[in-house]
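Letter by letter, the chains look like this.
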Amino acid sequence: MSLLHPQMILVDLDGTLVDSVPDLTYCVEAMLARLGRPACGEAAVRTWVGNGVERLVRRALIGQLNGEPDAVEFARAYPIFLELYSENIFQRSQVYPGVREGLAFMQGAGYPLGCVTNKAAQFTDPLLEQFGLRDYFGLVISGDSLPRQKPDPLPLIHAAEQFGVQPEASLMIGDSMSDVKAARAAGFKVICTTYGYNHGVDIRDSQPDAVIDSFVELRGLLASH
Ligand SMILES: O=C(O)COP(=O)(O)O
Ligand SMILES: [Mg+2]
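Keep in mind the model is a prediction, meaning the values are calculated, not measured. (Residues numbered from 1 in each chain as written. Chains lettered and ligands numbered in written order. Predicted model: local features only at pLDDT ≥ 70, side-chain atom pairs only at ≥ 80, totals over all residues.)

A. Quick look at the UniProt feature "binding site: Mg(2+)" (unreviewed entry) in the protein. Here the UniProt-annotated "binding site: Mg(2+)" (unreviewed entry) positions come out as Asp 12, Asp 14 and Asp 175. In summary, the annotated positions, though distributed over 164 residues, converge in three dimensions, the widest C-alpha pair being only 8.2 Å. The contacts of Asp 12, once residues within four sequence positions are left out, are Val 116, Thr 117, Ile 173, Gly 174, Asp 175 and Asp 179. Accessibility expressed as a C-beta count within 10 Å gives 25 for Asp 14, which makes it buried. (UniProt positions renumbered as here; feature names shortened; annotations may be inferred. Contact = placed C-beta atoms within 7 Å. Buried ≥ 20, exposed ≤ 12 C-beta atoms within 10 Å, placed from the backbone.)

B. Up close: unusual backbone geometry. Here Lys 150 and Pro 151 are connected by a cis peptide whose omega angle stands at 15 degrees. In this fold, Pro 151 is placed in the loop between strand E5 (139-141) and helix H7 (154-163). The backbone phi angle of His 199 is positive, close to 55 degrees, even though this residue is not glycine. When the 17 C-beta atoms within 10 Å are taken as the criterion, His 199 is described as partly exposed. For Gln 207, which is not glycine, the phi torsion reads 55 degrees and is therefore positive. When you line up the elements, Gln 207 lands in the loop between strand E7 (189-193) and strand E8 (210-212). Judged by the 11 C-beta atoms lying within 10 Å of it, Gln 207 is exposed. (Helix = DSSP H or I, 4+ residues; strand = E, 2+ residues; numbered from the N terminus.)

What follows is the structure, encoded as structure tokens:
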């Protein structure tokens, strides 16, 4: 592939910048324990992350990706999870190797950067701040910032408008099929990480424009001006 030269780059958070599943698992399992239910294990949580914390809690209650839990049980469980996660956003989570180098490269090359996540804003901001990542981004859009989240293209189109850049001149970097679907629907190019969370499916099946094992590989894919 020839070097990409977008005018703006959006980056996903969970599974792309930060391995947040250890904290999410801790909170899901603590919630299940309070409800008198057995633990689900980290491997399952890894396949359930990506569509926001509300979907994560619904999936944990039914023990699978698709379907709906009992409404009364969900109404009991969700506030428990929110309380737990607000106190355990970053304690067990880590920035993936190569991410800081990749962000510094993109910033140094003059690319305007935004973060677009399905994570709720009350958790996004402290997580980015804690790891010193917030200042790379001129714009942060969370899962509840707009009426619709990824895979809907709305957050990507909104971000392009805010930066004053055409979607066709924009790039999304993410880890899941939601990132690819949102990017395609918005008219963005898309690069995916191989290490993130994609519901247990190989992200190559979604045919992103390129895949990377680490953000350091962005040097070889993006023009450095
Ligand atoms: O489901 C989540 O909260 C994670 O969302 P993200 O991968 O869009 O950051
Ligand atoms: Mg993600």
